[in-house]
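Survey of secondary and tertiary structure
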Amino acid sequence: QALTSFVQSRSETDSDEDQAPAAPVYTSSSGGIVEVIEDMKDKAESELAELRKAEKTNKHNFEMLEQSLTDKIKAENEDLASGKTAKGAASEAKATAEG
């Protein structure tokens with residue numbers, strides 16, 4: 001009987017040893033991850049705002065340059081037209097004088 005109880009106690013101990021160790025308890029670390037993601041979002045939003053401001057400034061500068069060039073082309077075309085008119089009148093006067 002002592003032998004039987006020893007064998008039974010030994011088999012219970014062996015079965016406990018054969019089992020996998022208990023898994024460690026999961027502790028959430030998502031708080032840190034959420035903070036990192038929120039910081040990244042804030043950084044991205046501030047960069048986007050800066051880029052939009054720079055784009056707006058560049059667009060304004062381009063429009064001003066475009067207007068300046070358009071006005072210059074218009075003035076040069078007017079000068080060219082008046083020069084052609086003057087040349088035509090001079091050629092006509094010369095032809096009349098030579099006669």
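What you are looking at is a predicted structure, and each value in this text was computed from that prediction instead of being measured. (Residues numbered from 1 in each chain as written. Predicted model: local features only at pLDDT ≥ 70, side-chain atom pairs only at ≥ 80, totals over all residues. Heavy atoms only, no water.)

Quick notes on the overall build of the chain
- Along its length, the chain carries two helices and zero strands.
- Counting all 99 residues of the chain, 0% fall into the buried class.
- Of the roughly 9400 Å² of accessible surface on the chain, 58% is carried by carbon and sulfur atoms. (Helix = DSSP H or I, 4+ residues; strand = E, 2+ residues; numbered from the N terminus. Buried < 20%, exposed > 50% of the residue type's maximum accessible area, 1.4 Å probe, protein only. Areas by Shrake-Rupley, 256 points an atom, 1.4 Å probe, with all protein chains shown as cover.)

Notes on a negative patch on the surface
- Taken together, the side chains of Glu35, Glu38, Asp39 and Asp42 make up a negatively charged region of the molecular surface.
- Within the secondary structure layout, Glu35 lies in helix α2 (residues 30-98). (Patch = residues over 30% accessible without salt bridge, like charges linked within 9 Å, V, L, I, M, F, W, Y side chains within 5 Å. Salt bridge = Lys/Arg side-chain N within 4 Å of Asp/Glu carboxyl O. Lys, Arg positive; Asp, Glu negative; His and termini not counted. Charge placed at Lys NZ, Arg CZ, Asp CG, Glu CD.)

Here's the deal with the pattern of salt bridges
- What the rule picks out here adds up to one salt bridge.
- The shortest N-O distance in the salt bridge between Glu45 and Lys41 comes to 3.9 Å. Taken together, the residues Glu45 and Lys41, both in helix α2 and four residues apart, mark about one turn of the helix.
- Overall, Glu45 belongs to the partly exposed group, its relative accessible area being 43%.

Details of the confidence of the model for the chain
- Confidence in the prediction of the chain, expressed as mean pLDDT, is 82, and 70% of residues score 70 or more.
- Note that pLDDT drops below 50 for residues 13-17; the model gives that stretch zero contacts with residues more than four away or on any other chain. (pLDDT = per-residue confidence, 0-100. Contact = heavy atoms within 4.5 Å.)

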